[in-house]
Each structure stands twice: as structure tokens, then as C-alpha cells.
Amino acid sequence: MKNILKNIEGDRTIWAIVSVLAILSFLPVYSASTNLVYVVNNGTPTFHLFKHAFLLLCGFLIIYGVHKIPYRYFSGGSVLMIPLVILLLIYTLTQGTTIGGSNASRWIQIPFIGVGFQTSTLAGLVIMIYVARYLARNKDNEVTFKESILHLWMPIAFILVLILPANFSTTAIIFVMVLLVVFIGGYPIKYISYVLGIGVVFLTLFVLTAKAFPDAMPNRVDTWISRIENFSDKNAEEGYQVEKAKIAIASGGLQGRGPGKSIQKNFLPQSSSDFIFAIIVEEYGLVGASVVILLYFMLLFRIVMAAKKATSVFATLLIIGVGLPIIFQALINMAVAVNLFPVTGQTLPLISSGGTSIWMTCFAIGIILSVTANKEKADSSENEDNPLDILHEAIG
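Counting restarts for each chain, with residues numbered from 1 along the sequence as it is written. Only residues with pLDDT of 70 or above have their local features reported here, since the model is predicted, and side-chain atom pairs are shown and tallied only from 80 upward, although totals for entire chains, interfaces and linings are computed over all residues. Neither water nor hydrogens contribute to the side-chain values; these are computed over all heavy atoms in the structure.

Participant: Can you lay out the confidence of the model for the protein for me, pointing to particular residues and giving the numbers?
Facilitator: pLDDT runs from 0 to 100 and stands for how confident the predictor is about each residue. Averaged over the protein, the pLDDT score is 82; the fraction of residues at 70 or greater is 80%. Every helix listed is a DSSP run of H or I at least four residues long, and every strand listed is a run of E at least two residues long, numbered separately from the N terminus. The weakest mean pLDDT in the protein belongs to helix H15 (residues 380-384) at 40; the strongest belongs to helix H12 (residues 276-309) at 94. Any two residues whose heavy atoms approach within 4.5 Å at even a single point are treated as in contact. Across residues 97-103, where pLDDT falls below 50, the model places 13 contacts with residues more than four positions away in sequence or in other chains. When the criterion is pLDDT under 50, residues 378-394 qualifies, and its contacts beyond four places in sequence or with other chains add up to 13 contacts.

Participant: Go over the pattern of salt bridges with me, naming the residues and quoting the values.
Facilitator: One side-chain nitrogen of Lys or Arg within 4 Å of one carboxyl oxygen of Asp or Glu is enough to make a salt bridge. As enumerated under the stated definition, the model contains four salt bridges in all. The salt bridge involving Glu9 is made with Lys68; its shortest N-O contact spans 2.9 Å. Remark: Lys68 occurs in the loop between helix H4 (45-67) and helix H5 (73-95) and Glu9 occurs in the loop between helix H1 (2-6) and helix H2 (12-32); sequence separation between them is 59 residues. Between Glu282 and Arg257 there is a salt bridge; the shortest N-O distance is 3.2 Å. Taken as a pair, Glu282 in helix H12 and Arg257 in the loop between helix H11 (240-250) and H12 lie far apart in primary sequence, 25 residues in all. Only protein chains enter the accessibility calculation, which uses a 1.4 Å probe; a residue is then buried when its area is under 20% of its type maximum, exposed when over 50%, and partly exposed in between. Under the relative-accessibility criterion, Glu282 is labelled buried at 0%. Overall, Arg257 belongs to the partly exposed group, its relative accessible area being 35%.

Participant: Quick one: what's the story with the nonpolar core, residue by residue and with numbers?
Facilitator: Buried residues of nine kinds, namely Ala, Val, Leu, Ile, Met, Phe, Trp, Tyr and Cys, make up a nonpolar core once their side-chain atoms join them within 4.5 Å. Counting 106 residues, the largest nonpolar core has Tyr187 and Leu348 as the members making the most contacts within it. Sequence-distant contacts of Tyr187, that is, excluding residues within four places in its chain, are made with Leu135, Val143, Phe145, Ser148, Leu152, Trp153, Val182 and Ile192.

Participant: Report on the side chain of Ser25, specifying residues and quantitative values.
Facilitator: Residue placement: Ser25 occurs in helix H2. At a separation of 2.8 Å, a polar atom in the side chain of Ser25 contacts the side chain of His52. When sequence neighbours within four positions are dropped, the list of residues in contact with Ser25 reads His52, Leu56, Leu350 and Ile351. Here a polar contact is recorded for every N or O atom pair within 3.5 Å, except that within protein the pair must consist of a potential hydrogen donor and a potential acceptor, and residues adjacent in sequence are included only if both atoms are side-chain atoms.

Participant: How would you explain the environment of Val143 if you had to name every residue and give the values?
Facilitator: With respect to the helices and strands, the residue Val143 is situated in the loop between helix H6 (119-137) and helix H7 (145-163). Along the chain, Val143 and Pro188 lie 45 residues apart, while their C-alpha atoms are 8.0 Å from each other. Excluding residues within four positions of it along the chain, Val143 makes contact with Tyr134, Asn138, Ser148, Tyr187 and Tyr191.

Participant: Can you break down the packing of aromatic side chains residue by residue, with the values?
Facilitator: A pair of Phe, Tyr and Trp rings is counted when the ring centres sit within 6.5 Å of each other, with Trp represented by its six-membered ring. The angle between the planes then sorts it: under 30 degrees is stacked, over 60 is edge-to-face, the rest tilted. Counting across every chain of the model gives seven aromatic pairs. Between Trp153 and Tyr187 the ring centres are 5.8 Å apart and the planes differ by 70°, which places this aromatic pair in the edge-to-face class. Highlighted residues: Trp153 in helix H7 and Tyr187 in the loop between helix H8 (168-184) and helix H9 (189-212), separated in sequence by 34 residues. No difference in accessibility class separates Trp153 from Tyr187, as the two residues are buried. By the ring-pair criterion, three or more aromatic residues cluster together here, those being Phe145, Trp153, Tyr187, Tyr191 and Tyr194. Between Lys244 and the ring centre of Phe267, over which it is positioned, the NZ or CZ distance is 5.3 Å. Working rule: Lys NZ or Arg CZ, within 6 Å of ring centre, within 35 degrees of ring normal, means a charge sits over the ring.

Participant: Describe a nonpolar patch on the surface, with residues and values.
Facilitator: Together, Val20, Leu24, Leu254, Leu286, Val287 and Val291 line one region of the surface with nonpolar side chains, adding up to about 490 Å² of accessible area. Elements with a contribution of two residues or more to the nonpolar patch: H2 and H12. The dominant element in the nonpolar patch, judged by the number of residues it contributes, is H12, at three residues. Structurally, Val287 can be placed in helix H12. Among the residues examined, Val287 registers a relative accessible area of 45% and is labelled partly exposed. For patches, a residue must show more than 30% relative accessible area and have no salt bridge; joins then use 9 Å for like charges and 5 Å for nonpolar side chains, namely Val, Leu, Ile, Met, Phe, Trp and Tyr. The method behind every accessible area is Shrake-Rupley, applied with a 1.4 Å probe, and residues are considered shielded solely by the protein chains displayed.

Participant: Help me get a handle on H2, residues and values and all.
Facilitator: Given a rise of 1.5 Å per residue, 21 residues ought to cover 30 Å, and the 31 Å separating the end C-alpha atoms of H2 matches this to within 8%. Fitting axes to the seven residues ending at a residue and to the seven starting there, one defines the bend at that residue as the angle between these axes. Along H2, the sharpest kink reaches roughly 30°, centred on Phe26 and followed within four residues by the proline Pro28. Where H2 is concerned, the buried positions are Ile14, Trp15, Ile17, Val18, Leu21, Ala22, Ser25, Pro28, Val29, Ser31 and Ala32. The opening residue of H2 is Asp11, an N-cap whose side-chain oxygen sits 2.8 Å from the backbone nitrogen of Thr13. For a helix, the expected span equals 1.5 Å multiplied by the number of residues minus one.

Shown next as C-alpha cells:
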């Protein structure tokens, strides 16, 4: 352990913020897991606490391992990962599974350790790296829409089409984040408007097709539409989850009920994952919620500073591409809990229970730390014989 701490590199403030968020997650997860225990009849609170601790430990090992990799390797790695991600998404769509008593067609089960893996989360991370790579490689070239369709938008579109049937919210978030990164990366605004228009047209056709052939994707499109309609119509009856979340938040007050004293955790589905922010507010009040929000904004500030200090275009876009979705997801999760946004099923990064969210967030954090550790400074004599460098040059 001492050797690991000695070899930690990169932005120490990001390390500290991530560690604090992870530590703060234990009590809410332990408290909120009673819903899984007594409603879903799944394990014990202690079991879920140790499972969460194990997932976080694996997550920090991922951060440590990834931040030791020179960040330029992720450029070529994204090209290699695109076909693998497509195969995983196809497999996920065809096999389907049930996790925690609910439909989970967006998940696959990892053998032996029994942890669900959400393939769309991995796909989103790979896409963001791929976009950063494309923009960096074409920073000095005049980009044409025809050329970018083939090399940039076709892989993205194919992956998003595979994610969309089971996970509309993740598809929308990835699409918005891609548009944001290409805008920051200098991609022509008129081309962005073309892509946005094509995306809206495709989504409309998809919804109409799904409504015309409901057996192809039972319940999914109806679920999206009903959530949006219930959110936008102030006279509509609120969903069960939203109602319980609002009760939890309203009863939290300034200081909250106290650790472990939430009442709504026994009634609120997904209280340890999607709606854990509502439990935090109920138990720790406005003070606890403010601390969590402040930590995410501190992380955002350090991500922006790291991007500003990066020594290459790819490094800057890489940090933005993998870092901003973490903050965006956190804001959406909290907005859903306080009824400022329709229910999406997005977790609170580094706080909610769940293996995929934790691990992919940690992978993204590791990439950011790799850049801040300035891993480009490698010994030239080692690079000449490094097979990873040869592979990177061949792909890049």
C-alpha cells in the first residue's frame, strides 16, 4: 500500500475529491440498501455495504492502473475498442436479463463475480475518446461533412442505434456530449446543425416505427413518452418514484433526519442507485446536499483546469470528453431527484451503488489523471522498443 501511495501521480486534488465522494457514499448506500433487502428480498444491508466497498476498491485499482498508462495510447485503443463495443451491444440486445427484480435489457452479467455490466456506459466512454482522437488528428485540416460522416459520425451513429432501444437517456446524453465536444474542438457549426437535424429526424422515425410495431420493443417507447408527458404536464399524476423522492427531500429540511433514519428509503425504488440523492437530502438535509454538489463543482473546476493546462489538442479534448459526462450525469441525477428533469435512470457517479457506473467513472478519472501526470514524458530509448508505441503509431 505504501508503494502504491508513493507512486500516485497526476492531479492530487482530483484524487482527493474522488476519494471524499467515495467515502461519503458508504453511509447512504448502507442505509438505502434496506429497500433491496426488504422489498426485493435481496441480501442484507451489510452484504450490500461490503459489495459497494469491493466495487469501489476495484474502481480505485482501475484509476491507479489507467493513470499509469501514457494517455496517447487511448487514441489508438479507441479504434480497436469500437468493434468490440458493437459486438457487446449486439449481445446485450439479444440476450437480456433481469437484475434486482426489474427488466435490465441494457445489462449483461459478468461471470463468476455476479456483477451486472452496462455495456452502453463503456460504449459512451469509447465514443468520447474516439471523438477526441478524430478532432485532434484533423485540427489542421479543412473538414468536409462528407468525409466526417464516414470517419466520425458513422461509427457513432451505429453504436447509438444499438443503445437506443434499451436506453434512451444514455443515448441522449452521449449524443449531447459528442456535440459539445465537437463544438469545442472546432468542428464547423453548420455541420453540427446538420447532425442535430438528422438525429431529430431519426429519433422521430424510430418512435413512430416503435409505436407502429409495439411487439418489437415492448414498453420502452411508451415508458419514455409517459415520463416526458408526466413531467411536462403539471396536471398529470406524478409517478410513484417522483412522489416518494419529493417526500424524502421535503422531510429532510436543513440538517436532515440523521444517518440511517430515512423513511422513504423503504418505499422508493432504486433508492441506493438512481434516487440516492433524495435519500442523502432526507438524512443529511440541505447541508449534506450542498456538500455533495460542491464536491462535483470542485471536480468540474479541476477538470477544466486540467484541460486548460494540457500540452496537446488531443489531451485537452480527451479530458473534456471523458470528464464532462461525469459532471453532466451527476447534475441530471440530482435534477431528477428534485423533479427538475424527467426520470432517466442515471446514477450519481461515485456515490450510487452499481459496478458499471463506478468502474467506468473510475476509468474516465484514470484517463484524466494520466494526462495530468504528463505521461508523454517517456524515455526515448524505451519508446523505441515498446510494442505499445508501435501499435499506437500503426493505428494513429
